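Here are the chains, one letter per residue:
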Amino acid sequence: MDCIFCRIAEKRLPAKIVYEDDSVVAFEDINPQAPVHVLVIPRKHIPTSLDLEEEDNVLVGRLFQAANRIARQKGIADRGFRIVTNCNKDAGQTVFHIHIHLMGGRPMGWPPG
Ligand code: AMP
Ligand code: ZN
């Protein structure tokens, strides 16, 4: 299996890492869609949100805690931000290692495209 996000988490592929701990890594999206666009991933390879298991429940909380920390650090917490996880084709998922998009720094439209 050759997964680009596993490679980033293992530092075998360069990325602008903004946060990391034992279970989570966060880095700047290479093609940002907002002034702040960070991807938050687990070190564990989980392809999509449909693959989450009971044993991943704490890990999912850690992804959100990391996103909150980065949002505060980048100064977008009070204004607000969007958290998105795309799942499979209709949502436009292109990298099959689960990730949270943390986007902010501009007003977000709704409904999303
Ligand atoms: P998704 O479409 O939800 O699967 O999102 C994948 C995201 O990964 C896109 O926003 C891409 O711009 C981003 N991406 C792909 N390759 C890299 C990379 N090497 N470093 C940082 N971000 C990446
Ligand atoms: Zn992976």
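Right above here is the structure, for reference.
How each quantity is defined
Residues numbered from 1 in each chain as written. Chains lettered and ligands numbered in written order. Predicted model: local features only at pLDDT ≥ 70, side-chain atom pairs only at ≥ 80, totals over all residues. Heavy atoms only, no water. Core = buried A, V, L, I, M, F, W, Y, C linked by side-chain atoms within 4.5 Å. Buried < 20%, exposed > 50% of the residue type's maximum accessible area, 1.4 Å probe, protein only. Helix = DSSP H or I, 4+ residues; strand = E, 2+ residues; numbered from the N terminus. Donors = N, O, S within 2.8 Å, 3.2 Å for Na, K, Ca; no water. Tetrahedral: all angles 85-135°; square planar, octahedral: opposite > 155°, others 65-115°. Near = heavy atom within 4 Å. Polar contact = N/O pair within 3.5 Å; in protein donor to acceptor, adjacent residues only side chain to side chain. Nonpolar A, V, L, I, M, F, W, Y, C, P; charged D, E, K, R; others polar. Salt bridge = Lys/Arg side-chain N within 4 Å of Asp/Glu carboxyl O. Contact = heavy atoms within 4.5 Å. Pairing = 2+ DSSP bridges. Axes fitted to C-alpha atoms, helices over the stretch in contact; angles between N-to-C directions.

A. Highlighting the nonpolar core. Among the nonpolar cores identified, the biggest contains 14 residues, and Tyr19, Val24, Ala26, Val38, Val40, Ile70 and Leu102 are the most heavily contacted of them. Counting residues per element, the ones that place at least two in this core are strand S2 (24–28), strand S3 (36–42), helix H2 (57–73) and strand S5 (100–104). Per-element accounting of this core gives the leading share, 5 residues, to H2. Counting 10 residues, the second largest nonpolar core, distinct from the first, contains Ile8, Ala9, Phe27 and Val95.

B. Summary view of the coordination of the zinc ion (ligand 2). Surrounding the zinc ion (ligand 2) are the protein donor atoms Cys3 (SG), Cys6 (SG), His45 (ND1) and His97 (ND1), at 2.0 to 2.3 Å. Around the zinc ion (ligand 2), the 4 donor atoms sit at angles spanning 106 to 118 degrees, and that spread fits a shape best called tetrahedral. Assessed through its relative accessible area of 8%, cysteine 6 is described here as buried.

C. View of the site of ligand 1. Around ligand 1, the surrounding shell holds 16 residues, and the nearest of these are Asp29, Asn86, Thr94, His99 and His101. One of the side-chain nitrogen or oxygen atoms of aspartate 29 is found 2.5 Å away from an oxygen atom of ligand 1. Counting residues per element, the ones that place at least two in the shell around ligand 1 are helix H1 (4–9) and S2. At 3 residues, H1 tops the list of elements feeding residues into the shell around ligand 1. Considering only residue class, the shell around ligand 1 consists of 7 nonpolar, 7 polar and 2 charged.

D. Geometry of the pattern of salt bridges. Per the stated rule, a full pass over the model turns up 7 salt bridges. With a shortest N-O distance of 3.0 Å, arginine 43 and glutamate 20 are connected by a salt bridge. Here arginine 43 is found in the loop between S3 and H2, whereas its partner glutamate 20 is found in strand S1 (residues 17–20), with 23 residues between them in sequence. Between glutamate 55 and lysine 44 there is a salt bridge, and its shortest N-O distance comes to 2.9 Å.

E. Focus on the environment of asparagine 86. Topologically, asparagine 86 is positioned in the loop between strand S4 (81–84) and helix H3 (88–91). Residue class for asparagine 86 comes out partly exposed when judged on its relative accessible area of 21%. Considered as a pair, asparagine 86 and proline 35 are 51 residues apart in the sequence and their alpha carbons are 20 Å apart. Apart from residues lying up to four places away in sequence, asparagine 86 is in contact with Ala91, Gly92, Gln93 and His101.

F. Main features of the sheet that holds S5. The sheet built from 5 strands is open, its strands ordered S1-S2-S3-S5-S4 with antiparallel pairing. Either end of the sheet is taken by a strand with one partner, and the two such strands are S1 and S4. Shown here is a sheet whose adjacent strand axes are inclined to one another by a mean of 20 degrees, direction ignored. In this structure, S4 lies alongside S5, joined through 4 bridges in antiparallel fashion. Bridge pairing in S5 links isoleucine 83 to leucine 102. Against the sheet, H2 makes contact with S1, S2, S3, S4 and S5, and its axis sits at roughly 155 degrees relative to S3, the strand it touches most.

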